[in-house]
Amino acid sequence: GKTQYDWLATDASVIEKYSADKYCTFSFTVSAMHDLIKLIDFCNRNAWFKEIRKNLPILLLAGSEDPVGNYGKGVKEVYNKLISNGAKAQIKLYDGFRHEIHNDTCKEEVMSDILNFIK
């Protein structure tokens, strides 16, 4: 990409805003990374999936080109684990979009999908 933040969105203006925001471009601390790794470890345990309330509606949304969700593969894996453990989950991947789907050119569709899910 043109910048180190191109993984965030397809909309260049979103990347430009992000790049200019001092609250977005901070360095992740060692403590924050430690906490993130602990959270990821905890939420990937089979026990976590088994303990989720079976009547809790869950909506997974992600861009199909988001490296954080392993380009949709990781999101599908979470969805499959939820379903196989009896959870009431739905999934939608936004084709061609990256990490910040709520800020990208698909944001109207994302917000509409969230509102429809809530209803």
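Here, every reference points to the structure presented above.
Residues numbered from 1 in each chain as written. Predicted model: local features only at pLDDT ≥ 70, side-chain atom pairs only at ≥ 80, totals over all residues. Heavy atoms only, no water.

**Let's talk about the environment of E16**
- Structurally, the position occupied by E16 is in helix α1 (residues 12-20).
- Taking the C-alpha atoms as reference points, E16 and K88, separated by 72 residues in sequence, lie 38 Å from one another. (Helix = DSSP H or I, 4+ residues; strand = E, 2+ residues; numbered from the N terminus.)

**Things to note about the pairing of strand β2 (residues 88-94)**
- Bridge count for strand β1 (residues 57-63) against β2 is seven bridges, and the pairing is parallel. For P57, the partnering residue across the bridge sits in β2 and is K88. (Pairing = 2+ DSSP bridges.)

**Here we look at the pattern of salt bridges**
- All told, the structure shown has four salt bridges when counted by the stated rule.
- Residue D41 is joined to R45 by a salt bridge in which the shortest nitrogen-to-oxygen separation is 2.6 Å.
- Residue classification places D41 among the partly exposed positions, given a relative accessible area of 40%.
- The shortest N-O distance in the salt bridge between K81 and E77 comes to 3.5 Å. Of this pair, K81 and E77 both sit in helix α4 (residues 73-84), four residues apart, which is roughly one turn of that helix. (Salt bridge = Lys/Arg side-chain N within 4 Å of Asp/Glu carboxyl O. Buried < 20%, exposed > 50% of the residue type's maximum accessible area, 1.4 Å probe, protein only.)

**Comments concerning the nonpolar core**
- The biggest cluster of nonpolar side chains holds nine residues, and these are F49, I52, I58, L60, A62, V75, L82, A87 and A89.
- Counting residues per element, the ones that place at least two in this core are β1 and α4.
- Among the elements that take part in this core, β1 stands out by supplying three residues, more than any other.
- Discounting chain neighbours no more than four positions away, the residues touching I58 are I52, L82, A87, K88, A89, Q90 and F117.
- Of all hydrophobic cores here, the second largest spans six residues; its members include Y5, L8, A9 and I15. (Core = buried A, V, L, I, M, F, W, Y, C linked by side-chain atoms within 4.5 Å. Contact = heavy atoms within 4.5 Å.)

**Description of the state of the cysteines**
- Across all of its chains, the model carries zero disulfides by this definition.
- For the unlinked cysteine C24, the closest cysteine sulfur is that of C106, found at 18 Å.
- You can call C24 partly exposed: its relative accessible area is 25%. (Disulfide = S-S within 2.5 Å.)

**A look at the environment of G74**
- Inspection of the secondary structure assignment puts G74 in helix α4.
- Under the relative-accessibility criterion, G74 is labelled partly exposed at 23%.
- C-alpha separation for the pair G74 and K54, spaced 20 residues apart in sequence, amounts to 21 Å.

**Overview of the packing of aromatic side chains**
- Evaluation of the coordinates by the stated rule reveals two aromatic pairs.
- Residues W48 and F49 carry aromatic rings whose centres are separated by 5.0 Å and whose planes lie at 90° to one another, so their mutual orientation is edge-to-face.
- Judged by relative accessible area, F49 falls into the buried class, the value being 2%. (Phe/Tyr/Trp six-rings, centres within 6.5 Å; stacked < 30°, edge-to-face > 60°.)

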